[in-house]
Amino acid sequence: MPKVVSAVPALRSCSQHSAIQTPGECTLLDIIGGRVFVDQLVTEFYQAIGKYLSSEDTSEHGKQTTRQAQFISHALAEQAEPVHSARASFLARGLNPALFEGLMEYFEARLLELGFSPSFGGQLVRTVTDLYDQSETPLSIAC
């Protein structure tokens, strides 16, 4: 399995934080290792599931990888836009619901493997999933 960027630097600088942060402190995205961590985690997920799919099924995975990483980073950023914002809706519109659900399970399990608490991992997944669930646009057009 491909290696995901270590969250150790983020843990050192933000370990005292365990809840959603106020401006000026570490964001949820910072705590887990930033955009680089999210990008590599999503790529790792698609590499793992790609082994079990036909080439036709995997043809759109590049788009899903990019869009899902952007959506997760957006949802965990310090100043994520309002739930019904144009950016959240745009990003959510291209996400495949089944792949998104699988990614969220993988994301939470991977955070546990890296030493994050189950409650923190659950909080991150809820934050991302709530934004996804509350987006205004239909969510199942890609893949």
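Residues numbered from 1 in each chain as written. Predicted model: local features only at pLDDT ≥ 70, side-chain atom pairs only at ≥ 80, totals over all residues. Heavy atoms only, no water.

This next bit is on helix H7 (residues 97–113). For H7, which comprises 17 residues, the first-to-last C-alpha distance of 24 Å matches the rise-based estimate of 24 Å (1.5 Å per residue) to within 8%. For H7, the secondary structure elements touched by its buried residues are helix H2 (28–32), helix H3 (34–50), helix H5 (61–76) and helix H8 (118–133). Between a side-chain oxygen at the N-terminus of H7 and the backbone nitrogen of Ala98 the separation is 3.0 Å; the capping residue is Asn96. Looking one or two places after H7, you find Gly115, whose phi comes out positive at around 100°. (Helix = DSSP H or I, 4+ residues; strand = E, 2+ residues; numbered from the N terminus. Expected span 1.5 Å × (residues − 1). Contact = heavy atoms within 4.5 Å. Polar contact = N/O pair within 3.5 Å; in protein donor to acceptor, adjacent residues only side chain to side chain.)

Turning to the pattern of salt bridges, a few remarks are in order. For the coordinates displayed, the defined rule picks out three salt bridges. With its nearest N and O atoms 2.9 Å apart, the salt bridge here joins Arg35 to Asp39. Pair noted here: Arg35 and Asp39 are both in helix H3, with a separation of four residues, about one helical turn. Look at Arg35 and you get partly exposed, because its relative accessible area is 34%. Its relative accessible area of 28% is what places Asp39 among the partly exposed residues. (Salt bridge = Lys/Arg side-chain N within 4 Å of Asp/Glu carboxyl O. Buried < 20%, exposed > 50% of the residue type's maximum accessible area, 1.4 Å probe, protein only.)

Here we take up the environment of Gly50. Looking at the element boundaries, Gly50 is found in helix H3. Looking at Gly50, the relative accessible area reads 23%, which means it is partly exposed. The sequence separation of Gly50 and His61 amounts to eleven residues, and the corresponding C-alpha distance is 8.4 Å.

Right, let's get into the packing of H5 against H8. The N-to-C vectors of H5 and H8 enclose an angle of 110°; their axes lie 9 Å apart at closest approach. With respect to each other, H5 and H8 are oriented roughly perpendicular. Residue-level inspection shows Phe71, Ile72, His74, Ala75 and Leu76 of H5 in contact with H8, the latter providing Leu124, Thr127, Val128, Leu131 and Tyr132. Class assignment of the residues belonging to the contact of H5 with H8 gives a composition of eight nonpolar, two polar and no charged. (Axes fitted to C-alpha atoms, helices over the stretch in contact; angles between N-to-C directions. Parallel < 35°, antiparallel > 145°, perpendicular 65-115°, else oblique. Nonpolar A, V, L, I, M, F, W, Y, C, P; charged D, E, K, R; others polar.)

What follows covers H8. Look at H8: 22 Å from first C-alpha to last across 16 residues, which is about the 22 Å you get at 1.5 Å a residue. Of all the positions in H8, only Phe120, Gly121, Gly122, Gln123, Leu124, Val125, Thr127, Val128, Leu131 and Tyr132 are classed as buried.

Another aspect to go through is the packing of aromatic side chains. In the structure shown here, the tally under the stated rule is six aromatic pairs. On the basis of an interplanar angle of 55° and a centroid distance of 5.6 Å, the ring pair of Phe45 and Tyr106 is categorised as tilted. Residue Phe45 is located in helix H3, and its partner Tyr106 is located in helix H7; the two are separated by 61 residues in the primary sequence. Note on accessibility: Phe45 and Tyr106 belong to one class, buried. With a centroid separation of 4.0 Å and an interplanar angle of 20°, the aromatic rings of Phe100 and Tyr132 are classed as stacked. Within this pair, whereas Phe100 is found in helix H7, its partner Tyr132 is found in helix H8, the two being separated by 32 residues in sequence. Phe100 gets classed as buried once you look at its relative accessible area, which sits at 3%. Linked through ring pairs, Phe45, Tyr46 and Tyr106 together constitute an aromatic cluster. (Phe/Tyr/Trp six-rings, centres within 6.5 Å; stacked < 30°, edge-to-face > 60°.)

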